[in-house]
Structure formats: structure tokens, C-alpha cells
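# Understanding the architecture of this molecule
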Amino acid sequence: MKPQNMFGVVLWSDAAAQKAVIWCEDQGELAYYTPGDGSIHDAPALDAGDLIQFDVVVQENVRKARNPQVLMPSHSPDLPEKLRAGQPDVAHKAAVTPVKSSPKVVELSQYFDISAQPKLACSG
């Protein structure tokens, strides 16, 4: 499967093992990161609440994050606790948006003031 570019928020990390669990913008399965998963550069330190951009691939029915780039450290440091507590008023007071028949789904895009950047093609 071809890697897909994704935004997400780190929900959990282990600095010593350089592992992380990431909540993805598409509201799909969580993504798991370890630096041995094909990173093309030195692994950044990821902390809970960091807003990151990464490539996601599915291997053996598990979403793996690759090549993470920290866009905004400590963007939502309290997000993991608020999700555990089930509080709808999370990260920058984003509204909970019902999706289909699930009123507890939160649209991750509401947390970010990042607009999609236009992709440029260069020929030479």
C-alpha cells in the first residue's frame, strides 16, 4: 500500500523507547510509531499533545506512522486526559461533530488552524 500523508496528535509516547500512539485526522484506527519503522531521518522526540504530520501505511492490519515531523509541540497537551474523561470540550474548545450515527466522534480537523497547502508541480 502506498503511504498516505496525514496529520495527527500524539496521544501517548515513550521517550526512552521512542514509541508513540497517534490519533489520526481521518478518524480511522490509531497509528503506531517506532523509529525502526522506516524513518528516512533521525527520529524526532514525540510527546503527548504534539501536532505532527507523517506518512501512514497499513502493515498486517496495523496502521504504522513513518517520517513524523513535529508541526507544533505541546499543541494539545491535555487532549489524552480529556479523551479519557470523555469531555467533549477538548483542545481549543472544538465542537463535537456527530458523524453518521456516532455522536461521540470528534472531527480532528477542528483542532487545527492548518489549511491544506497547495501542492506545486515543478518541471525542469
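The residue numbers shown here count from 1 along each chain, following its written sequence. Given that this is a predicted model, residues contribute local features only at a pLDDT of at least 70 and side-chain atom pairs are listed and counted only at 80 or more, while totals for whole chains, interfaces and linings are drawn from all residues. Think of the side-chain values as coming from all heavy atoms in the structure, minus any hydrogens and water.

### Observations concerning the overall build of the protein chain
Per the convention used, a helix needs a DSSP run of H or I reaching at least four residues, while a strand needs a run of E reaching at least two, with both numbered from the N terminus. Check the secondary structure of the protein chain and you find one helix and five strands. Helices and strands in the protein chain line up, N terminus first, as β-β-β-β-β-α. In the protein chain, which comprises 124 residues, the proportion classed as buried is 30%. In what follows, residue pairs with any heavy atoms lying within 4.5 Å of each other are defined as contacts. Once local pairs closer than 6 in sequence are excluded, the contacts in the protein chain between residues at least 24 apart make up 51%. Each accessible area is a Shrake-Rupley estimate made with a 1.4 Å probe; only the visible protein chains count as cover when residues are assessed. Just so you have it, the protein chain exposes about 8000 Å², and 52% of that area is on carbon and sulfur atoms. The buried label goes to any residue with under 20% of its type's maximum accessible area, the exposed label to any with over 50%, and the partly exposed label to all in between, with areas taken from a 1.4 Å probe on protein chains only.

### Regarding the side chain of arginine 63
Its location among the elements puts arginine 63 in strand β5 (residues 62-72). For arginine 63, a relative accessible area of 11% translates into the label buried. A polar contact of 2.7 Å, which involves the side chain of arginine 63, links it to the backbone oxygen of glutamate 29. Setting aside residues up to four positions removed in sequence, arginine 63 forms contacts with Met6, Cys24, Asp26, Gly28, Glu29, Leu30, Ala31, Tyr32, Val56, Val57 and Val58. N or O atoms within 3.5 Å of each other form a polar contact, as long as, within protein, one can give a hydrogen and the other can take it, and as long as residues adjacent in sequence are counted only when both atoms are side-chain atoms.

### Quick notes on the sheet that holds strand β3 (residues 31-33)
One key point about sheets: their strands pair by backbone hydrogen bonds, in either a parallel or an antiparallel sense. Between any two strands, pairing holds if DSSP finds at least two bridges. In space, the five strands of this closed barrel follow the order β1-β2-β3-β5-β4, with mixed pairing throughout. Pairs of neighbouring strands in the sheet enclose a mean axial angle of 50°, with direction left out of account. In this sheet, β3 lies alongside strand β2 (residues 19-24) in antiparallel orientation, the contact comprising three bridges. Note that in β3 the partner of isoleucine 22 across the bridge is alanine 31. Between the N-to-C directions of two axes lies an angle of 0 to 180 degrees, each axis being a line fitted to C-alpha atoms and, for a helix, fitted only over the stretch in contact.

### Things to note about the pairing of β2
In regular strands, side chains alternate between the two faces of the sheet. Of all six residues making up β2, five are buried, and the element is well covered by its neighbours. Pairing of strand β1 (residues 4-14) with β2, which is carried by six bridges, proceeds in the antiparallel orientation. Among the inter-strand pairings, valine 10 is bridged to a residue of β2, identified as isoleucine 22. Hairpin connection from β1 to β2: four residues lie between these consecutive antiparallel strands, with glutamine 18 at a positive phi of about 55°.

### Some points on the confidence of the model for the protein chain
If pLDDT is low for a region, its predicted coordinates should not be looked at in detail. For the protein chain, the average pLDDT comes to 75, and 64% of its residues sit at 70 or higher. The secondary structure element of the protein chain with the lowest average pLDDT is helix α1 (residues 79-85), at 75, and the one with the highest is β3, at 95. Confidence of the prediction at every residue is given by pLDDT, a number between 0 and 100. Long-range and interchain partners of residues 90-99, a stretch whose pLDDT sits below 50, account for 21 contacts in this model, where long-range means more than four residues apart.

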